Amino acid sequence: LPLLTIRCVKHVTQGPPAWVVGDISDAAIAIFSGATSLDVKIWAVKIGYIGVIGVPLSWTAFALAYSGHRNLLTRRNITMTLIFPVLTLLVIWTTEYHGWFFTEFDIYRDETSGLILIWNPLGWWFWLHAVYIYALLVAGASLILGKAVPANDPLAIGLLVLVLSVLLTPLS
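**Side note on the overall build of the protein chain**
Okay, step 1: Broken down by element type, the protein chain carries 7 helices and 2 strands.
Okay, step 2: Secondary structure of the protein chain in N-to-C order comes out as α-α-α-α-α-β-β-α-α.
Okay, step 3: Carbon and sulfur atoms form 69% of the exposed surface of the protein chain, whose accessible area is close to 9,800 Å².

Structural data, given as structure tokens:
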């Protein structure tokens, strides 16, 4: 994750490979959806969080570069920004031992769809993580809107739709 984020930031004007992070998450969701075993579902949820954590980081790096603040994308700042996400991945991958991210795991069959779903109540670290990534999303959105609106950017409508989709994602 740290190397991928640095690579994305380094090449942000040439089209960052942020899709890699999303693809990891999508693959985990596909495995998760078809799995009937609790162990496989737990593994897929944990792998899927690479995307959940990586996308806000990539979004913020893109927003900084787009808004003219590329000078803030230094190795030091990136490293500092990655401390909490890396700790979060470690907490997720070891959550069975402490219950900080998910307090427990179980599976059940949904009566309506017939799908076998996972039940994983959220622990206290999840809420720290949520505040962190939503702060990154809002910060990135603010940077993009601040650049597009005052400059009468011809792409302002598209950027507004992009920003709204990012900000409304938690509601879906």
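This is not the end of the story, as more comes after the structure.
**What to know about a nonpolar patch on the surface**
Okay, step 1: A surface patch of nonpolar side chains, amounting to about 530 Å² of accessible area, comprises Met80, Ile83, Val86, Leu87, Leu90 and Trp93.
Okay, step 2: Positionally, methionine 80 belongs in helix H4 (residues 75-93).

**Description of the environment of leucine 167**
Okay, step 1: Within the secondary structure, leucine 167 is located in helix H7 (residues 156-168).
Okay, step 2: Sequence-wise, leucine 167 and valine 138 are 29 residues apart; in three dimensions their C-alpha atoms are separated by 6.9 Å.
Okay, step 3: Look past the residues within four positions of leucine 167 in its chain and what remains in contact with it is Leu137, Val138 and Ala141.

**Re the packing of aromatic side chains**
Okay, step 1: Enumeration according to the criterion identifies 13 aromatic pairs in this entry.
Okay, step 2: These aromatic residues form a ring-pair network of at least three members: Tyr49, Phe101, Phe102, Phe105, Phe126 and Trp127.

**What about the confidence of the model for the protein chain?**
Okay, step 1: This prediction gives the protein chain a mean pLDDT of 79; 74% of its residues lie at or above 70.
Okay, step 2: Contacts for the low-pLDDT stretch residues 1-16, under 50 throughout, to residues beyond four places or in other chains number 30 contacts.

**Comments concerning the pairing of strand E2 (residues 116-119)**
For a regular strand, side chains alternate in direction, first toward one face of the sheet and then toward the other.
Okay, step 1: On E2, burial follows the alternation: Ile116 and Ile118 on one face are buried, whereas Leu117 and Trp119 on the facing-out side are not.
Okay, step 2: Where strand E1 (residues 106-109) and E2 come together, 4 bridges link them in antiparallel fashion. Across the sheet, aspartate 106 pairs through a bridge with tryptophan 119, a residue of E2.
Okay, step 3: Hairpin connection, E1 to E2: the antiparallel pair is bridged by 6 residues, and glycine 114 has positive phi, about 80 degrees.

**A few points about empty space enclosed by the protein**
Where empty space is left can be seen by rolling a probe of water-molecule size over the atoms.
Okay, step 1: Under the criterion given, the structure shown has 1 cavity of 30 Å³ or more.
Okay, step 2: Space inside the largest cavity adds up to approximately 40 Å³.
Okay, step 3: If you go around the largest cavity, the residues you meet are Ile53, Phe84, Pro85, Thr88, His129, Tyr132, Ile133 and Leu136.
Okay, step 4: Where the lining of the largest cavity is concerned, the elements lending two or more residues are H4 and helix H6 (124-148).
Okay, step 5: Grouping the amino acids of the lining of the largest cavity by side-chain chemistry returns 6 nonpolar, 2 polar and no charged.

Parameters and conventions
- Residues numbered from 1 in each chain as written.
- Predicted model: local features only at pLDDT ≥ 70, side-chain atom pairs only at ≥ 80, totals over all residues.
- Heavy atoms only, no water.
- Helix = DSSP H or I, 4+ residues; strand = E, 2+ residues; numbered from the N terminus.
- Areas by Shrake-Rupley, 256 points an atom, 1.4 Å probe, with all protein chains shown as cover.
- Patch = residues over 30% accessible without salt bridge, like charges linked within 9 Å, V, L, I, M, F, W, Y side chains within 5 Å.
- Salt bridge = Lys/Arg side-chain N within 4 Å of Asp/Glu carboxyl O.
- Contact = heavy atoms within 4.5 Å.
- Phe/Tyr/Trp six-rings, centres within 6.5 Å; stacked < 30°, edge-to-face > 60°.
- pLDDT = per-residue confidence, 0-100.
- Buried < 20%, exposed > 50% of the residue type's maximum accessible area, 1.4 Å probe, protein only.
- Pairing = 2+ DSSP bridges.
- 1 Å grid on protein atoms, 1.4 Å probe; cavity = no way out; pocket = protein on both sides within 12 Å on 5 of 7 lines; lining within 4 Å.
- Points joined across faces, edges and corners; volume = space filled by probe spheres on them.
- Nonpolar A, V, L, I, M, F, W, Y, C, P; charged D, E, K, R; others polar.

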